[in-house]
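Given next are the chains, with one letter for each unit.
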Amino acid sequence: MSLDLDELGFDPDALREKYRTERDKRLRPEGIGQYIHIDDEFPTMLDDPHVTEPLARDAIDEHLDAVVIGAGFCGLLSGARLRQAGVENLRMIEAAADVGGTWYWNQYPGVQCDIESYIYLSLLEELDYMPRLKYAYGPEIRNHAQNIAHRFDLYDGALFQTWVTHLAWDTDADRWIVSTNRGDRLAARFVVVGNGPLSKPKLPGLRGIEDFGGKMFHTSRWDYEYTGGDTAGGLSKLADKKVGIVGTGATAIQCIPHLGEAAEHLYVFQRTPSSVDVRNNRPTDEEWVASLEPGWQEERIANFSILTSGGMATEDLVSDGWTDIIRKFSGMANKNRDGAIGDMALLAELADFEKMEEIRARVDEFVNDPAIADSLKPWYRQFCKRPCFHDDYLPTFTRDNVTLVDTDGKGVERLTRDAVVVGGEEYEVDCLIFATGFEVGTDYSRRASMEIRGIGGVTLTEHWEDGITTLHGLMTNDFPNLFLMGGMQSGVTPNFTELYNEQSRHVAYIVREGLEQPEQVIEAQPDAVAAWVQTVADTANPHSTFARNCTPGYYNNEGQPGQGPGWFGGNFMGGAQAFFAILRDWRERGDLAGMERR
Ligand code: NDP
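Bear in mind the structure is a predicted one, so any value in this text is a computation, not a measurement.

The next point concerns the state of the cysteines. Using the criterion set out here, one finds 1 disulfide in the structure. Each disulfide pairs two cysteine sulfurs, and for Cys 384 the partner residue is Cys 550, the sulfurs being separated by 2.0 Å. A torsion of -75 degrees about the S-S bond marks the disulfide between Cys 384 and Cys 550 as left-handed. Here Cys 550 lies in the loop between α19 (544-549) and α20 (576-589) and Cys 384 lies in the loop between α14 (370-375) and β12 (388-389), a separation of 166 residues in the sequence. Taking relative accessible area as the criterion, Cys 550 reaches 1% and is therefore assigned buried. In this structure Cys 74 is a free cysteine whose sulfur lies 14 Å from that of Cys 113, the closest cysteine sulfur available. The thiol of Cys 431 is not disulfide-bonded; the next cysteine sulfur, from Cys 255, is found 11 Å away.

Our next topic: a negative patch on the surface. Negative charge collects at one region of the surface, where Glu 264, Asp 418, Glu 426, Glu 428 and Asp 430 lie side by side. For Glu 428, a relative accessible area of 48% translates into the label partly exposed.

With that out of the way, let us pick up the nonpolar core. Grouped together as the largest cluster of nonpolar side chains are 100 residues, with contacts concentrated most on Phe 73, Ile 245 and Leu 259. With 7 residues, the top contributor of residues to this core is helix α17 (residues 496-516). Residues within four places of Leu 259 in sequence aside, it is in contact with Trp 222, Leu 235, Leu 238, Val 243, Ile 245, Leu 266 and Ile 433. Within the second largest apolar cluster, 26 residues are counted, among which are Leu 64, Leu 167, Val 178 and Ala 448.

The next subject is the sheet that holds strand β16 (residues 425-428). The strands making up a sheet associate through backbone hydrogen bonding, with each pair oriented either parallel or antiparallel. With respect to topology, 3 strands assemble into an open sheet ordered β14-β15-β16, the strand pairing being antiparallel. Each having just a single partner strand, β14 (414-415) and β16 make up the two edges of the open sheet.

Direction of pairing for strand β4 (residues 164-170) relative to strand β5 (residues 175-180): antiparallel, over a ladder of 6 bridges. Residue pairing across strands places Leu 167 opposite Val 178, the latter belonging to β5. Between the antiparallel neighbours β4 and β5 lie 4 residues, among them Asp 174 with a positive phi of about 55 degrees. Bridge count for β4 against strand β18 (residues 451-453) is 3 bridges, and the pairing is parallel. Counted as the bridge partner of Ala 168 is Arg 453 from β18.

Moving on to the sheet that holds strand β9 (residues 242-246). Strand order in the open sheet made by the 5 strands is β8-β17-β9-β10-β13, with parallel pairing throughout. Of all the strands in the sheet, just β8 (215-218) and β13 (402-406) have a single pairing partner and so form its edges. Mean inter-strand twist for the sheet, computed between neighbouring axes without regard to direction, equals 20 degrees. Bridge analysis of strand β10 (residues 265-270) against β13 gives 5 bridges, and the strand direction is parallel.

Our focus in this paragraph is the site of the ligand. With respect to spatial proximity, 27 residues lie near the ligand, and among them Gln 112, Thr 251, Arg 271, Thr 272 and Tyr 554 are the closest. The separation between a nitrogen atom of the ligand and a polar main-chain atom of Gln 112 is 2.5 Å. Take Thr 272: an N or O atom from its side chain is 2.6 Å from an oxygen atom of the ligand. Contact with the protein chains hides 90% of the accessible area of the ligand, taken as 920 Å² for the molecule alone. Of the residues contributing to the shell around the ligand, the split by class is 12 nonpolar, 10 polar and 5 charged.

Rules used in this analysis
Residues numbered from 1 in each chain as written. Predicted model: local features only at pLDDT ≥ 70, side-chain atom pairs only at ≥ 80, totals over all residues. Heavy atoms only, no water. Disulfide = S-S within 2.5 Å. Helix = DSSP H or I, 4+ residues; strand = E, 2+ residues; numbered from the N terminus. Buried < 20%, exposed > 50% of the residue type's maximum accessible area, 1.4 Å probe, protein only. Patch = residues over 30% accessible without salt bridge, like charges linked within 9 Å, V, L, I, M, F, W, Y side chains within 5 Å. Areas by Shrake-Rupley, 256 points an atom, 1.4 Å probe, with all protein chains shown as cover. Salt bridge = Lys/Arg side-chain N within 4 Å of Asp/Glu carboxyl O. Lys, Arg positive; Asp, Glu negative; His and termini not counted. Charge placed at Lys NZ, Arg CZ, Asp CG, Glu CD. Core = buried A, V, L, I, M, F, W, Y, C linked by side-chain atoms within 4.5 Å. Contact = heavy atoms within 4.5 Å. Pairing = 2+ DSSP bridges. Axes fitted to C-alpha atoms, helices over the stretch in contact; angles between N-to-C directions. Near = heavy atom within 4 Å. Polar contact = N/O pair within 3.5 Å; in protein donor to acceptor, adjacent residues only side chain to side chain. Nonpolar A, V, L, I, M, F, W, Y, C, P; charged D, E, K, R; others polar.

As structure tokens, then:
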């Protein structure tokens, strides 16, 4: 069998050229500098809309074995593993009024997880829980987060509506001093920072943004007082409102159908279209549940992570839009059985073209107006941006009360007191919703909204002035007994909770080692850190051409992959399973290699 390029149904050269042209339209010299720091410019936009009762309590002054900052899945899984390791004397600190992290903040209409619930919701077997649907909605995920907190006694002593302002290593006492906005002073042996990789909302630095006089909010702070309704939709108060939404990423895809249904008129301001594949959600099959053997969840999680890291497995257990590209690749490889094409990268590119042709054809299936359909078609490789999955998004653009304002890659031009300006045309809106995502690649302390001082008072910002340096993506020298979770210089999987779960195991192991020995200070050594940074760079380099050729976004540091962490450049790209094996082997050796203990 031979792979005949003429029979592919698309012209690879023409597609390459089209992808290049579309990317070039979007490249901006200011890169991540195009976004403004919301804390400085619009601090009230960060206020918590979900708090029903503001908290009043006395400040706390005490000694603890461990403090976990953040009660999203990073923090909850660390807390759970620490509890399992026998750590009793710990507190969680969380800015929100409850656990859940991203699922606490992001309660926009339609919020749902694109990763299959059976692999995204951790500890299903431990909690004896089975999600109701293949893809869970936000409330069920929040509920699961609460169940984890209850099951591992993490509500005990948890400090909600509290944020850490400073974290400083006290060299004399060998303790982290944790200071909060409520005047708490906690002296902790170990600190885990689980502030999440996508937690600080960002806004584009649009000209005139400070002059806009209408209602304005970010999707991660949805104002139901204003819109009416809840996460299931029913935004009845928008019936007499002209609404604008900026952005068409994974968040926007989910809330736009609800806005389209409810608003008097909806303007969708698009810079780059997302790839929107079939959702195909379905209730959990009871027969399948009955057939599961113990250990099924870990097996399913690993299977997904192998396939989405470009590896091969005999089975595709999840078998959805995330793993489809692998099926396409196998199809191409089968057609190429005679080996006429020896270059695997070319085969992968052809499989990608095939996938994206399908995604573009899907737009035509739902949107009859050829001009609107054309504007909704994405022209880049599938994993240049976060792939999206939805069955109601594309049909929304056939509604009379919905206008797609395609900015042809340029983005919104400016705002006036009551309008959004694109291409010189003013679109009057009562309300403007920013579905513009979260900071990636900016200074860690800025994203965590706290200053961290290690040995000798050096700040983490100073320490990482020339780039992030870690051992295994968790610890760094001069900052002993501190774990920075969430995905810097670690393995990459779209299933974030898998990473957090593996990191949590590592954290719990090191903490237990620390607490069981007389020497309780554990610090990564500079040479081990340098070696890990090199390992990460070696795995990331082969992907640099791919990242550079991609349309800009947070995956490639807004088109400048070499100049900042980004997703591709700043992580271990040798496969998530390979990364987890490195952590596992390191623990099994039992010698804390690359760490000093004193
Ligand atoms: P994204 O960063 O993915 O999207 C931001 C959007 O804002 C993009 O469409 C971007 O356009 C647009 N934008 C930015 N600046 C401008 C401008 N000046 N003018 C017009 N448009 C602009 O944020 P999301 O909140 O959508 O998603 C963030 C991440 O959160 C996802 O990638 C995913 O990892 C996670 N998530 C997961 C979900 C799930 O599992 N279901 C749901 C929602 C989010 P451009 O593309 O051109 O930069």
